[in-house]
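Coordinate inspection notes
Chain residues, written in single-letter form:
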Amino acid sequence: MRTPIKASPNHTVQRHRAARAKPQMAAKKGLLAAVLLLSLLSSPLPSRAQASVFPVNVWPKPTSMSWAEPLAAMPVSASFRIVGTSGDSPYLVSATQRYTALLFAERYRPIVRPAVNVTAGGPALQSLTVSVSDLSAPLQDGVDESYELEILPTGVATITAATVWAAMHGLETFSQLAWRGRQGELLVATSVRVEDKPLYQHRGLMLDTGRTYFPVVDILRTIDTMAANKMNVFHWHITDSQSFPIELPSEPMLAEMGAYGEDMRYTVKDVKRIVEFAMSRGVRVVPEIDAPGHTASWAGAYPEAVSCAGKFWLPDASDWGTRLAAEPGSGQLNPLEPKTYEVVANIIDDITSMFPEGFYHAGADEVTPGCWETDPSIQADMEKGGTLSQLLERYVRAVHRHVVSKNRTVVFWEDVLLDVEVNVSASVIPPATTILQTWNNGANNTKLIVQAGYRAIVSSASFYYLDCGHGDFVGNNSVYDDQRSDYKTDGGSWCGPFKTWQRVYDYDVAYGLTAEEAKLVIGGEVALWTEQADATVLDARIWPRASAMAEALWSGNRDASGRKRYAEATDRLTDWRHRMVGRGIRAEPIQPLWCRTRPGMCDLVR
């Protein structure tokens, strides 16, 4: 998990001060509540009548979707088939087969029975024809994902897509327009037309497998659900201080000594399976090997290359500035040690050969001064006038050069440029070959990144961190022993409170940017750091909150008039969550079903 760069040296004292201020805060509660209620009552919330909500909806909401009145549906023929164009790619062939099977296997019944006309004895849908303009377009950043879908009452449906990957989105949309009728018959909406394409080219999920190992089957299920939500980037944060779970041909000792166990490693075969599975669903897999910070797990194989390994992370609990790591697991690569560059070069060579993806995420976040300052060789260098920022520049320059030589774009966390204490100059990381991923300080850091000319991936901890709000994982933490506070603000979690789906949905990743600056934001990622998550809670931690981001980045979170559409999105997300559960995804609920079956009764205002 990320901790704030500008953390107070005594955050515990801050919390105690907040607790002492509670009586004054309580005195203002009534007034604040009244102001809030008046604000809500006067806010221009979209009414249900204003929102274009259909009896059966698609998530994420398409850019444009029309359903001719009177709303109607037709049965799907038992001989229904999906027909592709000649010379189809193997990925499109497998997708048509997969969606044909899903169509008949899915037993989805809407929570509220659709009020549509179904003509008894009328025509049945016989086929869906998929036409792709460019069958050879590779799955890469910026690929055209636009498609059109039309379902005619004559029993014919067509998808016209720019690329194979766009066609997969069209197939998903088609599958969500089908449901089971009263007698279990398979129905599909008819006289429907969809014109669709995403607002942002990068719509991702970051999963941390360095702190917690996730079996391959759970990763595959997550990627499959991402594709259903039209998310297209699986950012795999593979390694961290706690473990190094990936087996690399050139550096086998890293996993041998750094993984949690023999049965908690990702083999070359596992990686190939994950990458191929993702590609078959139009999802890119961006690998991240985080360094030079967060590398304590490398010390078992190469102790000479890792500074402060094995030391207690917080030697002086009263002075946050002396910490050796952002969290337990001390150790970061020594840029003065030649072995560092030998190992890192081998890792880059192996990772770029195992992952065809055009992005290579090199991490470089949370380099802790205290760790390097304990290293004798670094101490000697600093006595000669060297600085920690110069050390980081030496490392980043070498990594950047090597990754670019592999025809990859380098992605770093924002810290490499924006960290207050240890950072690099922009000349070391040219914007043409570098993307920065922002996580701290909300829209302010996004603006700093794009103003410097870099493309940005937004993962604001204040909106997109799915692990927030579950307290903290460190032991003997006295912050919880304050009987005067209920910790309504953060619950002991540095990035609390819990990020609700509404919080995720309402975030605008280009907030505060000019039109020109906004062009440099390529998209965003929700992130699940896993100090307190494993496979048993994986689905519920991610879904349907990641679905909220998926729609905001696909078609936006505003209606045609520019107003936030979270009000009408509630029922639609409830329906989509219900469908995901039917597909085997243990997504958490967002409302009781009572609300969905009584439209408007659970709204805050009418």
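Residues numbered from 1 in each chain as written. Predicted model: local features only at pLDDT ≥ 70, side-chain atom pairs only at ≥ 80, totals over all residues. Heavy atoms only, no water.

The chain goes by Beta-hexosaminidase in an unreviewed UniProt entry, where it is assigned to Triticum urartu. On record in UniProt, under Catalytic activity (unreviewed entry), the comment for the chain is "Hydrolysis of terminal non-reducing N-acetyl-D-hexosamine residues in N-acetyl-beta-D-hexosaminides." (UniProt positions renumbered as here; feature names shortened; annotations may be inferred.)

As for the sheet that holds strand 15 (residues 434-438)
Taken in spatial order, the eight strands line up as 8-9-10-13-14-15-16-17 and close into a barrel, and their pairing is parallel. On average, adjacent strands in this sheet sit at an angle of 30° to one another, irrespective of strand direction. Bridge count for strand 14 (residues 409-413) against strand 15 is four bridges, and the pairing is parallel. Looking at strand 15, one finds that Val 410 is bridged to Thr 434. (Pairing = 2+ DSSP bridges. Helix = DSSP H or I, 4+ residues; strand = E, 2+ residues; numbered from the N terminus. Axes fitted to C-alpha atoms, helices over the stretch in contact; angles between N-to-C directions.)

So, the packing of helix 6 (residues 216-228) against helix 8 (residues 268-279)
Two numbers describe how helix 6 lies on helix 8: the axes approach to 10 Å, and their chain directions differ by 15°. What the angle tells us is that helix 6 and helix 8 run roughly parallel. Along this stretch, helix 6 crosses helix 8, giving a crossing that reads as right-handed. When helix 6 is examined against helix 8, the residues Val 216, Ile 219, Leu 220, Ile 223 and Asp 224 are found in contact with a partner set consisting of Asp 270, Arg 273, Ile 274, Phe 277 and Ala 278. When its residues are assigned to classes, the contact of helix 6 with helix 8 shows seven nonpolar, no polar and three charged. (Parallel < 35°, antiparallel > 145°, perpendicular 65-115°, else oblique. Left-handed = near helix turned anticlockwise from the far one by under 90°. Contact = heavy atoms within 4.5 Å. Nonpolar A, V, L, I, M, F, W, Y, C, P; charged D, E, K, R; others polar.)

Let's talk about the pattern of salt bridges
Considering all chains together, one arrives at 33 salt bridges under this definition. When the shortest N-O distance is used, the salt bridge between Arg 211 and Glu 531 registers 3.1 Å. In this pair, Arg 211 sits in the loop between strand 8 (202-208) and helix 6 while Glu 531 sits in the loop between strand 17 (521-528) and helix 18 (538-542), placing the two residues 320 residues apart along the sequence. Residues Glu 588 and Arg 545 are paired through a salt bridge, measuring 4.0 Å at the closest nitrogen-oxygen approach. Residue Glu 588 is found in the loop between helix 20 (566-582) and helix 21 (593-596), and its partner Arg 545 is found in helix 19 (residues 545-554); the two are separated by 43 residues along the sequence. One connected set of salt bridges, linked through shared partners, spans Lys 61, Glu 551, Arg 565, Glu 568 and Arg 572. (Salt bridge = Lys/Arg side-chain N within 4 Å of Asp/Glu carboxyl O.)

Here we look at the packing of aromatic side chains
All told, the structure shown has 19 aromatic pairs when counted by the stated rule. Taken together, a centroid distance of 6.4 Å and an interplanar angle of 90° make the contact between Tyr 465 and Trp 494 edge-to-face. Of this pair, Tyr 465 sits in the loop between helix 15 (461-464) and helix 16 (501-506) while Trp 494 sits in the loop between helix 15 and helix 16; the two residues are 29 residues apart in sequence, bridging distant segments of the chain. Owing to a relative accessible area of 0%, Tyr 465 belongs among the buried residues under this scheme. (Phe/Tyr/Trp six-rings, centres within 6.5 Å; stacked < 30°, edge-to-face > 60°. Buried < 20%, exposed > 50% of the residue type's maximum accessible area, 1.4 Å probe, protein only.)

A word on the nonpolar core
Membership of the largest hydrophobic core comes to 99 residues, with the highest contact counts inside it found for Trp 236, Trp 298, Ile 347, Phe 355 and Ile 429. Filtering out sequence-adjacent residues up to four positions away, Trp 298 remains in contact with Phe 244, Leu 254, Ile 289, Asp 290, Ala 291, Val 306, Leu 333, Val 343, Val 344 and Ile 347. Grouped together as the second largest cluster of nonpolar side chains are 49 residues, Phe 80, Leu 128, Tyr 147 and Ala 167 included. (Core = buried A, V, L, I, M, F, W, Y, C linked by side-chain atoms within 4.5 Å.)

Notes on a positive patch on the surface
On the surface, a cluster of positive charge is made up of Arg 107, Arg 109, Arg 113 and Arg 182. With respect to the helices and strands, Arg 182 occurs in the loop between strand 6 (178-180) and strand 7 (186-196). (Patch = residues over 30% accessible without salt bridge, like charges linked within 9 Å, V, L, I, M, F, W, Y side chains within 5 Å. Areas by Shrake-Rupley, 256 points an atom, 1.4 Å probe, with all protein chains shown as cover. Lys, Arg positive; Asp, Glu negative; His and termini not counted. Charge placed at Lys NZ, Arg CZ, Asp CG, Glu CD.)

A short note on the confidence of the model for the chain
Across the chain, the average pLDDT comes to 91, with 90% of residues at 70 or higher. Here helix 1 (residues 11-20) stands out as the element of the chain with the lowest mean pLDDT, 31, in contrast to strand 9 (residues 233-237), whose mean of 99 is the highest. Long-range and interchain partners of residues 4-51, a stretch whose pLDDT sits below 50, account for 48 contacts in this model, where long-range means more than four residues apart. (pLDDT = per-residue confidence, 0-100.)

Notes on the packing of helix 9 (residues 338-354) against helix 12 (residues 388-405)
Two elements in contact, helix 9 and helix 12, have axes separated by 10 Å at closest approach and are oriented at 30°. Here helix 9 lies roughly parallel to helix 12, going by the angle between them. The hand of the helix 9/helix 12 crossing is right-handed. Contact with helix 9, carried on its side by Thr 340, Tyr 341, Val 344, Ala 345, Ile 348 and Asp 349, involves Arg 394, Tyr 395, Ala 398, Val 399, His 402 and Val 403 of helix 12 and no other residues of that element. Along the lines of polarity and charge, the residues of the contact of helix 9 with helix 12 split into eight nonpolar, two polar and two charged.

Focus: unusual backbone geometry
A cis geometry characterises the amide bond from Trp 59 onward to Pro 60, with omega recorded as 0°. Geometrically, the link from Trp 543 to Pro 544 is a cis peptide bond, its omega value of 5° lying close to zero. Residue placement: Pro 544 occurs in the loop between helix 18 and helix 19. With phi around 60°, Lys 230 is a residue other than glycine that occupies positive phi space. By secondary structure assignment, the location of Lys 230 is in the loop between helix 6 and strand 9. Residue class for Lys 230 comes out buried when judged on its relative accessible area of 0%. Located in the positive-phi region is His 294, a residue other than glycine, with phi close to 55°.

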